[in-house]
Amino acid sequence: MYNCTTMLENHSPAIEEFATQLDQLSGLLTIAGYRIHPYRDPELPYFSELNSAQKKEISRSLKAYCTALEEFLAGDDDSNPTRLLWRFLIALGIVPQEDFFDIVRGETHVQIYSYDQFQIFRSLAFFDHCTFSIEEIVCRPWWQSWKRSRTDLHVISEISRQSIVNSQAQTLRLEMPFTNVQEIGMDSDCSAQYRIKSATPLTRGGHLHATMLVEQWRH
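Here, residues in each chain are numbered from 1, in the same order as that chain's written sequence. Local features in a predicted model are, by the rule used here, given only for residues with pLDDT of at least 70; side-chain atom pairs are given and counted only at 80 or more, and totals for whole chains, interfaces and linings are based on all residues. For side-chain calculations, the full set of non-hydrogen atoms in the structure is used, while hydrogens and water are omitted.

A. Spotlight on the packing of helix H1 (residues 13-31) against helix H3 (residues 52-74). Convention adopted: a line fitted to C-alpha atoms gives each axis, helices being fitted over their contacting stretch, and angles between N-to-C directions are expressed from 0 to 180 degrees. For the purposes of this entry, the term helix denotes a DSSP run of H or I that reaches at least four residues, the term strand denotes a run of E that reaches at least two, and both are numbered from the N terminus. At a minimum axis separation of 10 Å, H1 and H3 run at an interaxial angle of 25 degrees. Judged by the angle between their axes, H1 and H3 are roughly parallel. As H1 runs across H3, the sense of the crossing is left-handed. Each of Phe18, Gln21, Leu22, Gln24, Leu25, Leu28, Leu29 and Ile31 in H1 lies in contact with H3, whose residues at this interface are Ile58, Ser59, Leu62, Lys63, Tyr65, Cys66, Leu69, Glu70 and Leu73. A per-class count over the contact of H1 with H3 returns 12 nonpolar, 3 polar and 2 charged. Convention used here: angles under 35 degrees read as roughly parallel, angles over 145 as roughly antiparallel, angles from 65 to 115 as roughly perpendicular, and any remaining angle as oblique. Each crossing gets its hand from how the near helix is turned against the far one by less than a right angle, where anticlockwise is left-handed and clockwise is right-handed. We call two residues contacting when some pair of their heavy atoms lies within 4.5 Å. Under the grouping applied here, Gly and all other residues not named as nonpolar or charged are polar, the nonpolar ones being Ala, Val, Leu, Ile, Met, Phe, Trp, Tyr, Cys and Pro and the charged ones Asp, Glu, Lys and Arg.

B. Spotlight on the side chain of Glu183. In this structure, Glu183 sits in strand S5 (residues 179-183). Partly exposed residues are those whose accessible area sits between 20% and 50% of the maximum for their type, while under 20% is buried and over 50% is exposed, using a 1.4 Å probe and protein chains only. For the purpose of counting charges, residues Lys and Arg are taken to be positive, whereas Asp and Glu are taken to be negative. His and the chain ends are not included. Salt bridge, as applied in this entry: a Lys or Arg side-chain nitrogen positioned within 4 Å of an Asp or Glu carboxyl oxygen. An unpaired buried charge is present at Glu183: no salt bridge exists, and Arg40, the closest side chain of opposite charge, is 6.4 Å distant. Not counting residues up to four positions away in its chain, the partners in contact with Glu183 are His129, Cys130, Thr131, Phe132, Ser145, Trp146, Ser188 and Cys190.

C. Expanded view of the packing of H3 against helix H4 (residues 81-92). One way to put it is that H3 packs onto H4 with a least axis distance of 8 Å and a crossing angle of 135 degrees. When the axes of H3 and H4 are compared, the pair comes out oblique. Of the two elements, H3 crosses H4, and the hand of that crossing is right-handed. Seen from H3, the contacting residues are Arg60, Ser61, Ala64, Tyr65, Ala68, Leu69, Glu71 and Phe72; seen from H4, they are Arg83, Leu84, Arg87, Phe88, Ala91 and Leu92. When its residues are assigned to classes, the contact of H3 with H4 shows 9 nonpolar, 1 polar and 4 charged.

D. Highlighting the side chain of Ser198. Along the chain, Ser198 turns up in strand S6 (residues 191-204). Overall, Ser198 belongs to the buried group, its relative accessible area being 3%. If sequence neighbours within four positions are ignored, Ser198 has contacts with Ile103, Thr171, Leu172, Arg173, Leu174, Met212, Leu213 and Val214.

Here is the structure:
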């Protein structure tokens, strides 16, 4: 596992700061029982390719996730995954729908994707199904991470479009069948089956900020 102290001195402060965040999250995940590399290349190629606005928003989301996870692990009850999600929303200033707790109660697989389609939140159970580094998880849009069927790509794209068009929409309850997904660009043959159970738009400051997906995964 790389450490940001091994980076070249001519790296930008933004890269060094983000590498520190990645190392912090990797350490927290180790405490939670997951060994996830912060990044594979100290040059942080995926982060470096982002524009300045994307870098700023992804860094902000990662900081909120680290804060939420640290508080979650320090709590008396770290067996309730909803607590991690709730702490993240508070840290990022996101306003959930009124039926938030009805949607996520008892769910173990929740992901949140930003307006730009980057994953900004994932339940800890997500790490049971992938071998990505943290940089790859947070700095690649979803369609660059998992190989999916054309039908699945179309459905998810439509969900994203509907969220953007109508941020005031209520939770969309779905009855999607399980579909196969496989990691893209990894040496492993890691694959799984998953389905989306619901999609909920999330707002911040009265504007659409992200979409929350409740999912079910299996191998």
